[in-house]
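Notes for the structure review
Next come the chains, spelled out residue by residue.
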Amino acid sequence: MTTAVKAKGSKKTGVDKFLTLLRFLLIGAIAIGLIAFVWQQIDPNNPFARWRNPDAQPLTAEQIKGLVVTGLSQGAMYGLIALGYSMVYGVLGFINFAHGEVFMLGAFTGFVTSNKLADAGLWEGGAFIPSVIMTAVLAALIATGAAVLMERVAYRPLRGSPRLIPLITSIGVSFFIQNAVILLFGPGAKGYPPNPEWLQKKRRFDLLGDAFAFEVEGTKLLVLVVASFSMAGLWYFVERTKTGKAMRAVAEDKEIASLMGINVNKTIVTTFAVGGAMAGIAGILWGLLFRSVIATTGFLPGIKAFTAAVVGGVGNLGGAMAGGVSLGTAEALAPLMLLEPLGVAGPTQLRDAVAFLLLILVLLVKPTGLFGERLSSEDRA
Amino acid sequence: MKKLMKLLSVIFALSLVAAACSDDATTDAGSDTTAADGGGDAGYLGDGSLGEVTVEAGGAIQIRSLNAITGDVAFLGLPNQRGVEQAIADYGQIKGFDVDMGVGLDDLCSADGGQAAAQSIVADEQVIGVIGTSCSGAATAAAPLIGNAGMVMISGSNTSPALTSDQQGNAGPDYSVGYYRTAHNDLFQGAAMAEYVFNELGLTTAAAIHDGDPYTDGLATAFTNAFTELGGEVTGYSAVAKEDTDMVPVLTEIAAGSPEALFFPIFQPAGDFIADQVGSVSGLENTQLFAADGLLVDGFLELPQSEGISFSGPDTRFGENKNESTGVNANQFLETYEAANGEAPSAPFWGHSYDATAMLLDAIAAASYTDGDNLVIDRAGVREYLNGIKGYSGIIGTINCDDFGDCGSQKITIIEHLSSSDLDASKANVKFEYAP
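Structural notes on the pattern of salt bridges
Between side chains of opposite charge, a pair can form as their charged atoms come close. Residues and elements named next belong to chain B. Per the counting criterion, the structure on display carries 17 salt bridges over all chains. The closest approach of N and O atoms between E416 and K431, which form a salt bridge, is 3.7 Å. One end of the pair, E416, is in strand β17 (residues 412–416); the other, K431, is in strand β18 (residues 430–434), with 15 residues separating them in the sequence.

Focus on empty space enclosed by the protein
As enumerated under the stated definition, the model contains 3 cavities of 30 Å³ or more in all. Of all the elements in the fold, those that place two or more residues in the lining of the largest cavity are α4 (61–92) and β3 (214–217) of chain A together with α7 (248–255) of chain B. No other element matches the 6 residues that α4(A) contributes to the lining of the largest cavity. Its residues placed into classes, the lining of the largest cavity shows 5 nonpolar, 5 polar and 6 charged. In this structure, the second largest cavity spans a volume of roughly 140 Å³. Along the walls of the second largest cavity sit 17 residues, with B:L76, B:S157, B:Y215, B:F267 and B:F349 positioned nearest its centre. Partitioning the lining of the second largest cavity into residue classes produces 10 nonpolar, 5 polar and 2 charged. Here the lining of the second largest cavity spans two domains, since at least three of its residues come from each of domain 1 (50–183 + 319–405) and domain 2 (187–314 + 413–434) of chain B.

Considering the packing of aromatic side chains
For the structure on display, the rule yields 26 aromatic pairs over all chains. Consider the rings of A:W286 and A:F290, whose centres lie 4.7 Å apart with planes at 70°: the pair is edge-to-face. With A:W286 and A:F290 both in helix α12 (residues 264–290) and 4 residues apart, this pair spans about one turn of that helix. Neither A:W286 nor A:F290 differs from the other in exposure class; each is buried. Members of the aromatic cluster, joined through ring pairs, are B:F318, B:F333, B:Y337, B:W350 and B:Y354.

Observations concerning the sheet that holds strand β13 (residues 368–371) of chain B
Residue and element names in this part refer to chain B. Spatially, β1-β14-β13 is the arrangement adopted by the 3 strands of the open sheet, whose pairing is antiparallel. Each edge of the sheet is formed by a strand with only one pairing partner; in this case those strands are β1 (52–55) and β13. Between one strand axis and the next, the sheet turns by 25° as a mean value, whatever way the strands run. As judged from the 4 bridges shared by β1 and strand β14 (residues 374–378), these two strands associate in the antiparallel manner. Within the sheet, the bridge partner assigned to E52 lies in β14 and is D378. Across the face of the sheet, helix α12 (residues 379–387) comes into contact with β1 and β14 while running at roughly 60° to β14.

What to know about the state of the cysteines
Note on terminology: a disulfide is the covalent bond linking the sulfur atoms of two cysteines. All names here are of chain B. Within this structure, the stated rule accounts for 2 disulfides over all chains. What pairs with C401 in a disulfide is C407, and their sulfur atoms sit 2.1 Å apart. Classification of the bridge connecting C401 and C407 rests on its S-S torsion, roughly 105°, and on that basis the disulfide is right-handed. Along chain B, the cysteines engaged in disulfide bonds are linked according to the scheme 1-2, 3-4 when indexed in sequence order.

Regarding the interface of chain A and chain B
Each side of the interface is counted separately: chain A has 34 residues, and chain B has 31 residues. For the interface between chain A and chain B, the tally reads 1 salt bridge. On the surface where chain A and chain B come into contact, there are 7 residue pairs in polar contact (both at pLDDT 80 or more). The set of elements that each furnish at least two residues to the side of chain A that touches chain B consists of α4, α12, α13 (299–312), α14 (317–339) and α15 (351–365) of chain A. Per-element accounting of the side of chain A that touches chain B gives the leading share, 6 residues, to α4(A). The class makeup of the residues in the side of chain A that touches chain B is 15 nonpolar, 11 polar and 8 charged.

Notes on the domain arrangement of chain B
Residues and elements named next belong to chain B. The domain architecture assigned to chain B consists of domain 1 (50–183 + 319–405) and domain 2 (187–314 + 413–434). Summarising the inter-unit geometry, the C-alpha centres of domain 1 and domain 2 are found 30 Å apart. Contact residues are listed per partner, giving 16 residues for domain 1 and 12 residues for domain 2. When the two sides are added together, the surface that domain 1 and domain 2 hide from each other amounts to roughly 1200 Å², 72% of it contributed by carbon and sulfur. Across the contact surface, domain 1 and domain 2 share 0 salt bridges. For the pair domain 1 and domain 2, the interface holds 0 residue pairs in polar contact (both at pLDDT 80 or more). Of the residues forming the side of domain 1 that touches domain 2, the biggest block, 3 residues, is contributed by helix α4 (residues 136–148). Its residues placed into classes, the side of domain 1 that touches domain 2 shows 5 nonpolar, 9 polar and 2 charged.

Overview of the domain arrangement of chain A
All names here are of chain A. Each assigned domain of chain A is listed here: domain 1 (1–58) and domain 2 (61–380). Taken residue by residue, the interface counts 17 residues in domain 1 and 13 residues in domain 2. Between domain 1 and domain 2 the total buried area reaches about 1400 Å² when both faces are included, carbon and sulfur atoms providing 72% of it. At the boundary of domain 1 with domain 2, the tally comes to 0 salt bridges. At the junction of domain 1 with domain 2, the criterion picks out 1 residue pair in polar contact (both at pLDDT 80 or more). Top element by residues in the side of domain 1 that touches domain 2 is helix α2 (residues 14–42). It accounts for 14 residues. Tallied by class, the residues present in the side of domain 1 that touches domain 2 amount to 11 nonpolar, 4 polar and 2 charged.

What counts and how
- Residues numbered from 1 in each chain as written.
- Chains lettered and ligands numbered in written order.
- Predicted model: local features only at pLDDT ≥ 70, side-chain atom pairs only at ≥ 80, totals over all residues.
- Heavy atoms only, no water.
- Salt bridge = Lys/Arg side-chain N within 4 Å of Asp/Glu carboxyl O.
- Helix = DSSP H or I, 4+ residues; strand = E, 2+ residues; numbered from the N terminus.
- 1 Å grid on protein atoms, 1.4 Å probe; cavity = no way out; pocket = protein on both sides within 12 Å on 5 of 7 lines; lining within 4 Å.
- Points joined across faces, edges and corners; volume = space filled by probe spheres on them.
- Nonpolar A, V, L, I, M, F, W, Y, C, P; charged D, E, K, R; others polar.
- Domains from an automatic or database assignment.
- Phe/Tyr/Trp six-rings, centres within 6.5 Å; stacked < 30°, edge-to-face > 60°.
- Buried < 20%, exposed > 50% of the residue type's maximum accessible area, 1.4 Å probe, protein only.
- Pairing = 2+ DSSP bridges.
- Axes fitted to C-alpha atoms, helices over the stretch in contact; angles between N-to-C directions.
- Contact = heavy atoms within 4.5 Å.
- Disulfide = S-S within 2.5 Å.
- Polar contact = N/O pair within 3.5 Å; in protein donor to acceptor, adjacent residues only side chain to side chain.
- Buried area = accessible area lost by both parts, 1.4 Å probe.

Rendered as structure tokens:
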């Protein structure tokens, strides 16, 4: 913020010019990509498409809808994980890099539980719903426990030390958990049992007429519904309950909050616990959707979720969720709707690059994130 | 930041190797004088041009195994390493000297892993040869280091065409002298798959997906090239990242061309996600799936979604083929293997590694002479022997080494996977045979 204020008064420096150029380049590339995509959809034999990519084929409406749905469900999971990053950053002002591992622990709990239930014949038919609820509760509990333990053992002793120290510690915690899981379960991928037929089946929604009819796989629908409910519950908790109010107060100013009689330590533990629970639920959804989990499952989604938290505005819960959904959707759509029409080879391989370019773009255009950051007074200084 | 650190450390490591290599070259040149007049007259191969290794009385001849023995691809590397161990045991002594494999080294199935292991191998000047790597990606980094040190490397499971030649007399971009393999060249595997899809099944449009690894990229390219040559149309060629989980975007990209066949010669876990999600993408409902030996493993075949997929891979119907150096055939090998390890091999290249080891030991026997109580091995002679291998009979069949190190029998079979609960039946369900 301060640099922006300074820049206004003084002459533009070379860096400013470069950043402006970068903004124009990125936005220009997006605009050209979009125009090329639309043109390709209307006329696949147009000269630009022939020049950039002679084999280019237009996508069908079904395929575009499929991409949107997959992007939304992936994004909903990023959003759920991002909540934990965002809340901890809002309250403690450091990035808990081990949060991705909390998510992975949730997914692993789901792997163990779902396979036990499947062996008992409870992972199909009518027993599936209570089984999934049980698995989700268990995963949320384990993830919560891990997050709380992490705070108690690794971060609380460092409270008050420079911010870089808990940050580095969190990277250490992340490695520790990853390797502990490798030791317990081995390095290979672990599979979830197959989902029941009725869940996997595609469901059709034509509320807005045939042209807007959507076919969604039950699993993805489940992810979207559970994520929405979890988010709504969290919002209610933070904005409407006394504990939530205490969390917001601690995020605003720890010292004054404690002068007002708020137990700061307890509130911080609650923050970790709630973030952990969200990550645990995300872990189960991941397991149901992709049916495979590995010790390093938490790494990339963790980084993406952190990106989502920054894109949405750090410390802003709605922003974290919206950031996650926009990141997931951008990742799914941009390779085929921007990069492919521009003639990039193997565009879907670049989805991670798309995610981080989106981050750069948001930071260039709106440095506080799409929905504005909410930080404590000391962080803003 | 992490990437930058990695890059810096790789550059640092490379500079160290460069320094080490130049040192080696000077010492080798110095020791040449003693060996220069060895030659064929004394009854051993080699002209001493790459230096000699002296094994002192009571010592052992050093070779190494470099395979992917940990991580996701351990299923491929472990049987290779055990094949090496068994071959050494079956072969016995060479001119009264034991052969020592040391501790099995790990190529991590990556260029980084291959390079690190190769550096530790070349640091020991007693080592004559290496059996490995498991993965082509590891070999691209390891082969030049090992070749430059005067050693030889014989792989039982590298199949990337880039490591040897295009079969038209042109060296591949990653070929280095001193590299050999008993595994097939993927040009043959790609051609076999293309012929099966186009001629046998009559499908005329196809797409391919790889994961950026030299093995998968090489095989996918070999397939699409052969398919186009036969008259088919390639409607899409794309790649996933190894750690991708959501395959809907890449499958949608492929679906835009509505191919009748989709060939994805990749590994687990990415392969699991493709097989699982292909049904949910509009436009691929009638597309038939084809995969290669990377996914021809029990872990993948046990998944219900892998049913109906056809796989190409080396012909493992070895029958009564005997390794001519040890006299062991496939059944005898498997008996010993199962007794020692409590399981059947998890990947099909154990025989290739066994034959590779026996060939290396033959080469050492042919290129060595006793000098007092010591055994002296001529490095150039080892290469001379391997270059000249013609009509060697191994467990995998007849082995002939060409000018670029391709020695494999090049027999490919294609199986159709019927049931995820009866893997043996699926593996025996051979639909197509290919031999060049």
